[in-house]
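Architecture and fold: a report
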Amino acid sequence: MKKILLPEENEKLKYYKANLHCHSTISDGAKTPEQLKEDYKAHGYSILSITDHEVFISHSELSDSEFLMLNGYEIEASGTGSKTCHLCFVALEPDNTEEVCFSKAHLWGNAKENAKYVNIDKKTSMLFRKYTKHGVNKLIKTGKEHGFFVTYNHPTWSLEAYPQYIRYKNADAMEITNYGCVVCGFDDDNGHAYDDMLRDGEKLFCISTDDNHNVYPDSSPDCDSYGGYIMIASPSLNYRDVTAALKKGLFYSSTGTYKHTGPEFHSITYENGEVHIKTGDVRSIAYIPCSRDCQIKNAEYGECINEATFKVKKNEKYFRIVITDTLGYKAYSNAYFPKEF
Ligand SMILES: [Zn+2]
Ligand SMILES: [Zn+2]
(Lines give C-alpha, C1' and ligand atoms only; values in the text may rest on other atoms or scores of the structure.)
(Ligands and ions follow the chains in the order given, each with its own letter.)
Protein backbone atom coordinates (compact mmCIF):
# COMPACT_ATOMS: atom_id res chain seq x y z
CA MET A 1 0.00 0.00 0.00
CA LYS A 2 1.21 3.48 -0.85
CA LYS A 3 1.90 5.70 2.14
CA ILE A 4 2.42 9.44 1.71
CA LEU A 5 5.00 10.53 4.26
CA LEU A 6 5.48 14.08 3.02
CA PRO A 7 2.69 15.26 0.73
CA GLU A 8 3.07 17.09 -2.56
CA GLU A 9 1.84 20.66 -2.73
CA ASN A 10 -1.55 20.88 -4.47
CA GLU A 11 -4.63 23.11 -4.60
CA LYS A 12 -5.67 21.93 -1.13
CA LEU A 13 -2.27 21.90 0.55
CA LYS A 14 0.47 24.49 0.59
CA TYR A 15 3.94 24.63 2.12
CA TYR A 16 4.38 27.56 4.51
CA LYS A 17 7.82 28.76 5.58
CA ALA A 18 8.23 29.02 9.34
CA ASN A 19 10.73 29.95 12.04
CA LEU A 20 9.76 28.51 15.42
CA HIS A 21 12.59 29.96 17.53
CA CYS A 22 13.12 33.71 17.67
CA HIS A 23 13.91 36.45 20.21
CA SER A 24 12.66 40.03 20.36
CA THR A 25 13.19 43.13 22.52
CA ILE A 26 10.86 41.46 25.02
CA SER A 27 13.88 39.42 26.19
CA ASP A 28 17.33 39.73 24.59
CA GLY A 29 16.64 40.29 20.87
CA ALA A 30 17.38 43.56 19.05
CA LYS A 31 14.16 43.81 17.01
CA THR A 32 10.63 44.47 18.21
CA PRO A 33 7.94 41.84 17.50
CA GLU A 34 6.49 44.21 14.88
CA GLN A 35 9.86 44.52 13.07
CA LEU A 36 10.38 40.77 13.18
CA LYS A 37 7.00 40.11 11.64
CA GLU A 38 7.59 42.63 8.84
CA ASP A 39 11.12 41.40 8.10
CA TYR A 40 10.20 37.71 8.07
CA LYS A 41 7.17 38.40 5.92
CA ALA A 42 9.36 40.32 3.48
CA HIS A 43 11.67 37.28 3.28
CA GLY A 44 8.93 34.91 2.19
CA TYR A 45 7.98 33.52 5.58
CA SER A 46 4.34 32.93 6.52
CA ILE A 47 4.76 31.75 10.13
CA LEU A 48 6.81 33.01 13.06
CA SER A 49 6.91 32.06 16.70
CA ILE A 50 8.57 34.67 18.91
CA THR A 51 9.92 32.51 21.72
CA ASP A 52 11.37 35.02 24.16
CA HIS A 53 13.31 33.76 27.16
CA GLU A 54 11.11 32.89 30.12
CA VAL A 55 8.19 35.18 29.21
CA PHE A 56 5.17 33.89 27.33
CA ILE A 57 3.49 36.79 25.59
CA SER A 58 1.01 36.35 22.73
CA HIS A 59 1.60 38.29 19.52
CA SER A 60 -1.64 37.19 17.88
CA GLU A 61 -2.49 40.84 17.13
CA LEU A 62 0.28 40.74 14.49
CA SER A 63 -1.31 37.84 12.58
CA ASP A 64 -3.01 38.73 9.31
CA SER A 65 -4.46 36.82 6.35
CA GLU A 66 -0.94 36.17 4.98
CA PHE A 67 1.03 35.77 8.18
CA LEU A 68 0.53 33.70 11.31
CA MET A 69 2.13 34.32 14.69
CA LEU A 70 2.33 31.17 16.83
CA ASN A 71 2.55 31.80 20.57
CA GLY A 72 5.62 30.46 22.32
CA TYR A 73 8.53 30.96 24.71
CA GLU A 74 11.86 29.41 25.66
CA ILE A 75 12.83 28.09 29.07
CA GLU A 76 16.03 26.74 30.50
CA ALA A 77 17.23 24.35 33.17
CA SER A 78 20.82 25.02 34.18
CA GLY A 79 23.13 23.41 36.64
CA THR A 80 26.22 24.66 38.42
CA GLY A 81 28.53 23.89 35.47
CA SER A 82 28.51 25.39 31.98
CA LYS A 83 26.02 22.87 30.61
CA THR A 84 22.41 23.87 30.23
CA CYS A 85 19.21 22.65 28.59
CA HIS A 86 16.88 24.95 26.65
CA LEU A 87 13.40 24.05 25.48
CA CYS A 88 10.89 25.95 23.35
CA PHE A 89 7.17 25.65 24.08
CA VAL A 90 4.83 26.57 21.20
CA ALA A 91 1.12 26.63 22.05
CA LEU A 92 -1.03 24.29 19.96
CA GLU A 93 -4.21 26.28 20.64
CA PRO A 94 -4.43 30.02 19.94
CA ASP A 95 -6.24 30.74 23.21
CA ASN A 96 -3.65 28.92 25.32
CA THR A 97 -1.80 31.93 26.74
CA GLU A 98 -0.92 30.79 30.26
CA GLU A 99 2.76 30.33 30.97
CA VAL A 100 3.57 26.99 32.59
CA CYS A 101 6.76 26.41 34.60
CA PHE A 102 7.20 30.18 35.13
CA SER A 103 10.26 30.91 37.26
CA LYS A 104 11.00 34.38 38.64
CA ALA A 105 14.54 33.25 39.43
CA HIS A 106 15.26 32.68 35.73
CA LEU A 107 14.22 36.13 34.47
CA TRP A 108 16.99 38.28 33.04
CA GLY A 109 17.45 41.14 30.57
CA ASN A 110 14.26 42.80 29.38
CA ALA A 111 12.31 39.70 30.43
CA LYS A 112 12.48 40.95 34.03
CA GLU A 113 10.56 44.08 33.13
CA ASN A 114 8.13 42.30 30.79
CA ALA A 115 7.24 39.49 33.21
CA LYS A 116 4.40 41.69 34.49
CA TYR A 117 2.52 41.04 31.23
CA VAL A 118 2.67 37.26 31.65
CA ASN A 119 -0.41 35.26 32.48
CA ILE A 120 1.10 32.76 34.93
CA ASP A 121 -0.21 29.26 35.50
CA LYS A 122 0.13 29.19 39.28
CA LYS A 123 -0.01 25.42 39.68
CA THR A 124 3.20 24.87 37.71
CA SER A 125 5.06 28.09 38.59
CA MET A 126 6.61 26.57 41.67
CA LEU A 127 8.08 23.72 39.65
CA PHE A 128 11.70 23.69 40.67
CA ARG A 129 14.07 23.89 37.69
CA LYS A 130 16.65 21.20 38.07
CA TYR A 131 19.34 20.42 35.53
CA THR A 132 18.89 16.68 35.93
CA LYS A 133 17.25 13.92 33.92
CA HIS A 134 14.18 14.11 36.11
CA GLY A 135 14.11 17.94 36.17
CA VAL A 136 14.25 18.40 32.38
CA ASN A 137 11.82 15.55 31.73
CA LYS A 138 9.39 17.13 34.18
CA LEU A 139 9.53 20.37 32.16
CA ILE A 140 8.94 18.49 28.88
CA LYS A 141 6.04 16.54 30.38
CA THR A 142 4.45 19.64 31.89
CA GLY A 143 4.73 21.53 28.60
CA LYS A 144 3.11 18.71 26.66
CA GLU A 145 0.35 18.17 29.21
CA HIS A 146 -0.53 21.84 28.94
CA GLY A 147 -0.87 21.77 25.15
CA PHE A 148 2.55 22.89 23.93
CA PHE A 149 4.71 21.59 21.09
CA VAL A 150 7.98 21.07 22.95
CA THR A 151 11.36 21.28 21.22
CA TYR A 152 14.81 20.45 22.56
CA ASN A 153 17.15 23.23 21.49
CA HIS A 154 20.77 23.67 20.36
CA PRO A 155 22.59 20.78 22.07
CA THR A 156 25.88 22.15 20.67
CA TRP A 157 25.61 25.61 22.24
CA SER A 158 24.33 24.03 25.47
CA LEU A 159 27.52 21.89 25.57
CA GLU A 160 25.27 18.85 25.85
CA ALA A 161 26.53 15.59 24.41
CA TYR A 162 25.29 12.01 24.36
CA PRO A 163 25.12 11.45 28.14
CA GLN A 164 22.87 14.51 28.50
CA TYR A 165 20.51 14.53 25.51
CA ILE A 166 19.93 10.79 25.60
CA ARG A 167 18.20 11.27 28.97
CA TYR A 168 15.49 13.55 27.58
CA LYS A 169 12.24 11.82 26.73
CA ASN A 170 9.10 12.61 24.74
CA ALA A 171 9.97 16.03 23.32
CA ASP A 172 8.07 16.66 20.08
CA ALA A 173 11.19 17.68 18.18
CA MET A 174 14.87 18.50 18.48
CA GLU A 175 16.82 21.21 16.67
CA ILE A 176 18.84 19.63 13.89
CA THR A 177 20.01 23.13 12.98
CA ASN A 178 20.14 26.28 15.06
CA TYR A 179 21.25 29.03 12.69
CA GLY A 180 22.15 31.41 15.53
CA CYS A 181 24.79 28.82 16.53
CA VAL A 182 25.96 28.36 12.92
CA VAL A 183 26.70 32.08 12.48
CA CYS A 184 28.55 32.09 15.82
CA GLY A 185 30.86 29.41 14.43
CA PHE A 186 29.48 26.29 16.11
CA ASP A 187 29.50 23.02 14.17
CA ASP A 188 25.76 22.75 14.38
CA ASP A 189 24.66 19.87 12.16
CA ASN A 190 22.95 17.88 14.89
CA GLY A 191 22.17 14.83 12.74
CA HIS A 192 24.33 12.66 15.00
CA ALA A 193 22.37 13.71 18.08
CA TYR A 194 19.08 13.11 16.24
CA ASP A 195 20.19 9.61 15.20
CA ASP A 196 21.42 8.86 18.72
CA MET A 197 18.03 9.76 20.16
CA LEU A 198 16.15 7.80 17.48
CA ARG A 199 18.36 4.73 17.86
CA ASP A 200 17.71 4.86 21.58
CA GLY A 201 14.00 4.48 20.82
CA GLU A 202 12.81 8.09 20.92
CA LYS A 203 10.21 9.08 18.32
CA LEU A 204 10.62 12.76 17.67
CA PHE A 205 10.75 15.18 14.76
CA CYS A 206 13.65 17.47 13.84
CA ILE A 207 13.49 21.18 13.09
CA SER A 208 15.80 23.85 11.73
CA THR A 209 15.38 27.24 13.40
CA ASP A 210 17.04 30.66 13.47
CA ASP A 211 17.10 31.38 17.22
CA ASN A 212 17.78 34.89 15.99
CA HIS A 213 18.70 37.81 18.23
CA ASN A 214 19.50 40.21 15.34
CA VAL A 215 22.54 41.91 16.77
CA TYR A 216 23.77 42.36 13.19
CA PRO A 217 21.70 43.93 10.39
CA ASP A 218 19.90 41.70 7.91
CA SER A 219 22.41 42.40 5.14
CA SER A 220 25.41 41.31 7.26
CA PRO A 221 26.88 37.83 6.74
CA ASP A 222 26.71 37.55 10.55
CA CYS A 223 22.93 38.08 10.57
CA ASP A 224 21.27 35.19 12.41
CA SER A 225 17.93 35.34 10.57
CA TYR A 226 16.68 33.40 7.51
CA GLY A 227 19.12 30.47 7.75
CA GLY A 228 17.15 27.70 9.51
CA TYR A 229 13.48 27.09 8.84
CA ILE A 230 10.79 24.49 8.40
CA MET A 231 8.29 24.15 5.57
CA ILE A 232 4.88 23.13 6.94
CA ALA A 233 2.27 21.43 4.72
CA SER A 234 -1.09 22.83 5.77
CA PRO A 235 -4.48 23.40 4.13
CA SER A 236 -4.43 27.01 5.38
CA LEU A 237 -2.71 29.52 7.64
CA ASN A 238 -5.35 28.95 10.28
CA TYR A 239 -3.65 28.55 13.69
CA ARG A 240 -5.11 25.10 14.40
CA ASP A 241 -4.49 23.78 10.86
CA VAL A 242 -0.82 24.72 11.19
CA THR A 243 -0.32 23.26 14.66
CA ALA A 244 -2.16 20.06 13.65
CA ALA A 245 0.32 19.68 10.76
CA LEU A 246 3.18 20.27 13.21
CA LYS A 247 1.92 17.55 15.57
CA LYS A 248 1.59 15.14 12.63
CA GLY A 249 5.10 15.90 11.39
CA LEU A 250 3.89 17.22 8.04
CA PHE A 251 6.95 19.40 7.53
CA TYR A 252 10.63 19.29 6.65
CA SER A 253 13.62 21.37 7.74
CA SER A 254 15.91 23.35 5.46
CA THR A 255 18.91 25.65 5.72
CA GLY A 256 20.24 28.58 3.72
CA THR A 257 21.20 32.19 4.32
CA TYR A 258 19.77 35.68 3.87
CA LYS A 259 20.88 35.42 0.23
CA HIS A 260 20.20 31.74 -0.45
CA THR A 261 17.02 29.70 -0.11
CA GLY A 262 17.82 26.13 0.96
CA PRO A 263 17.02 22.87 -0.82
CA GLU A 264 13.40 21.75 -1.18
CA PHE A 265 11.64 18.46 -0.69
CA HIS A 266 8.63 18.02 -2.97
CA SER A 267 7.35 14.69 -1.62
CA ILE A 268 8.31 11.47 0.15
CA THR A 269 6.26 8.31 -0.41
CA TYR A 270 6.62 4.69 0.62
CA GLU A 271 5.37 1.71 -1.36
CA ASN A 272 6.24 -1.99 -1.51
CA GLY A 273 9.36 -1.73 0.61
CA GLU A 274 10.76 1.32 -1.19
CA VAL A 275 10.88 5.01 -0.36
CA HIS A 276 10.61 7.48 -3.22
CA ILE A 277 11.79 11.06 -2.79
CA LYS A 278 11.13 14.03 -5.07
CA THR A 279 13.07 17.27 -4.58
CA GLY A 280 14.06 20.55 -6.16
CA ASP A 281 17.51 20.67 -7.83
CA VAL A 282 19.99 18.98 -5.49
CA ARG A 283 23.47 17.47 -5.62
CA SER A 284 22.64 14.41 -3.49
CA ILE A 285 19.82 12.55 -1.78
CA ALA A 286 20.85 10.43 1.22
CA TYR A 287 18.90 7.73 3.01
CA ILE A 288 19.90 7.40 6.68
CA PRO A 289 18.37 4.42 8.48
CA CYS A 290 18.64 3.05 12.00
CA SER A 291 20.88 0.24 10.73
CA ARG A 292 24.21 0.58 8.91
CA ASP A 293 22.44 0.35 5.53
CA CYS A 294 22.95 3.99 4.43
CA GLN A 295 22.37 4.76 0.77
CA ILE A 296 22.96 7.83 -1.38
CA LYS A 297 22.22 9.00 -4.88
CA ASN A 298 24.64 11.59 -6.22
CA ALA A 299 24.31 13.79 -9.29
CA GLU A 300 27.13 13.69 -11.84
CA TYR A 301 29.58 16.57 -11.36
CA GLY A 302 28.03 19.82 -12.55
CA GLU A 303 24.56 18.30 -12.74
CA CYS A 304 21.55 18.04 -10.44
CA ILE A 305 19.05 15.35 -9.56
CA ASN A 306 15.40 15.66 -8.51
CA GLU A 307 14.45 12.22 -7.30
CA ALA A 308 15.69 8.97 -5.79
CA THR A 309 14.32 5.59 -4.72
CA PHE A 310 15.79 3.49 -1.93
CA LYS A 311 14.99 0.01 -0.70
CA VAL A 312 13.92 -0.06 2.93
CA LYS A 313 15.23 -3.14 4.72
CA LYS A 314 12.64 -5.33 6.37
CA ASN A 315 12.35 -4.46 10.08
CA GLU A 316 14.26 -1.18 9.66
CA LYS A 317 13.39 0.76 12.83
CA TYR A 318 13.42 4.18 11.17
CA PHE A 319 14.85 6.12 8.25
CA ARG A 320 15.28 9.75 7.40
CA ILE A 321 16.31 11.62 4.27
CA VAL A 322 18.92 14.39 3.90
CA ILE A 323 19.31 16.36 0.67
CA THR A 324 22.21 18.66 -0.21
CA ASP A 325 22.19 21.40 -2.85
CA THR A 326 25.08 22.43 -5.09
CA LEU A 327 26.30 24.99 -2.53
CA GLY A 328 26.32 22.41 0.24
CA TYR A 329 23.19 23.56 2.09
CA LYS A 330 21.09 20.76 3.52
CA ALA A 331 17.44 19.95 4.10
CA TYR A 332 16.25 17.22 6.46
CA SER A 333 13.14 15.08 6.55
CA ASN A 334 11.71 13.89 9.81
CA ALA A 335 12.37 10.28 10.77
CA TYR A 336 9.80 7.75 9.56
CA PHE A 337 9.04 4.45 11.24
CA PRO A 338 8.18 1.65 8.73
CA LYS A 339 6.54 -0.52 11.38
CA GLU A 340 3.84 2.14 11.68
CA PHE A 341 3.05 2.23 7.93
ZN1 LIG B 1 18.36 28.79 23.88
ZN1 LIG C 1 16.73 30.93 21.89
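Thresholds, definitions, all that
- Residues numbered from 1 in each chain as written.
- Chains lettered and ligands numbered in written order.
- Predicted model: local features only at pLDDT ≥ 70, side-chain atom pairs only at ≥ 80, totals over all residues.
- Heavy atoms only, no water.
- Core = buried A, V, L, I, M, F, W, Y, C linked by side-chain atoms within 4.5 Å.
- Buried < 20%, exposed > 50% of the residue type's maximum accessible area, 1.4 Å probe, protein only.
- Domains from an automatic or database assignment.
- Contact = heavy atoms within 4.5 Å.
- Phe/Tyr/Trp six-rings, centres within 6.5 Å; stacked < 30°, edge-to-face > 60°.
- Helix = DSSP H or I, 4+ residues; strand = E, 2+ residues; numbered from the N terminus.
- Lys NZ or Arg CZ within 6 Å of the ring centre and 35° of its normal.
- Pairing = 2+ DSSP bridges.
- Axes fitted to C-alpha atoms, helices over the stretch in contact; angles between N-to-C directions.
- Buried area = accessible area lost by both parts, 1.4 Å probe.
- Salt bridge = Lys/Arg side-chain N within 4 Å of Asp/Glu carboxyl O.
- Expected span 1.5 Å × (residues − 1).

1. Quick word on the nonpolar core
Ile47, Leu70, Phe89, Met174 and Ile232 are the most contacted members of the largest nonpolar core, which has 55 residues in total. Residue assignment places this core across two domains, with domain 1 (8–262) and domain 2 (264–341) each supplying three or more. Leaving out residues up to four positions away in the same chain, Phe89 has contacts with Asn71, Gly72, Tyr73, Ile75, Val100, Cys101, Leu139, Gly143, Phe148, Phe149 and Val150. Residues Leu36, Met231, Ile268 and Phe319 belong to the second largest nonpolar core, which totals 37 residues.

2. Some thoughts on the packing of aromatic side chains
What the rule picks out here adds up to 21 aromatic pairs. Considering the side-chain rings of Tyr40 and Tyr226, the 4.9 Å spacing of their centres and the 50° angle between planes classify their relative orientation as tilted. Of this pair, Tyr40 sits in helix H1 (residues 33–42) while Tyr226 sits in the loop between strand E10 (205–209) and strand E11 (228–234), and the two are 186 residues apart along the sequence. When sorted by exposure, Tyr40 lands in the same class as Tyr226, which is buried. Against the face of Tyr229 rests Lys17, its NZ or CZ located 4.2 Å from the ring centre. In this arrangement the basic side chain of Lys203 is found over the ring face of Phe337, its NZ or CZ atom lying 5.2 Å from the centre.

3. Notes on the sheet that holds strand E17 (residues 305–311)
In any sheet, the strands associate via hydrogen bonds between backbone groups, in a parallel or an antiparallel arrangement. With respect to topology, four strands assemble into an open sheet ordered E1-E13-E14-E17, the strand pairing being antiparallel. Single-partner strands in this sheet number two, and they are strand E1 (3–6) and E17. Put simply, the sheet's adjacent strands are angled 20° from each other on average, direction ignored. Here strand E13 (residues 265–271) pairs with strand E14 (residues 274–282) via six bridges, running antiparallel. Residue pairing in the sheet places Tyr270 in a bridge with Val275 of E14.

4. Digging into the domain arrangement of the protein chain
Here the domain parsing of the protein chain yields domain 1 (8–262) and domain 2 (264–341). Domain 1 and domain 2 are separated by 26 Å when their C-alpha centres are compared. On the side of domain 2, 23 residues touch domain 1, which itself brings 27 residues to the contact. Interface area, domain 1 with domain 2, both sides summed: about 2000 Å², of which 48% is carbon and sulfur. Viewed at the interface, domain 2 and domain 1 are joined by three salt bridges.

5. What to know about helix H4 (residues 133–145)
Since the α-helix packs 3.6 residues into each turn, any two residues three or four apart lie on the same face. The terminal C-alpha atoms of H4 lie 18 Å apart, and with 13 residues this matches the ideal 18 Å at 1.5 Å per residue to within 8%. Burial in H4 covers these residues: Gly135, Val136, Asn137, Leu139, Ile140, Thr142 and Gly143. Summarising the contacts, the buried residues of H4 are in contact with strand E4 (68–78), strand E5 (84–91), helix H3 (122–125) and strand E8 (148–152). Backbone geometry just after H4 places Gly147 at a positive phi near 80°.

6. Concerning the pairing of strand E18 (residues 319–324)
Most of E18 is tucked away: six of the six residues are buried. Alternating positions in E18 separate into two faces, Phe319, Ile321 and Ile323 on one and Arg320, Val322 and Thr324 on the other, with burial throughout. In textbook terms, the turn of a hairpin is the stretch between consecutive antiparallel strands, and for E18 and strand E19 (residues 330–332) this stretch comprises five residues, one of which, Gly328, has a positive phi near 95°.

7. Regarding the pairing of strand E3 (residues 47–50)
Every second residue of E3 is oriented toward a common face, with Ile47 and Ser49 on one face and Leu48 and Ile50 on the other, all of them buried. Bridge analysis of E3 against E4 gives four bridges, and the strand direction is parallel. Its bridge partner being in E4, Ile47 is matched across the sheet by Leu68.

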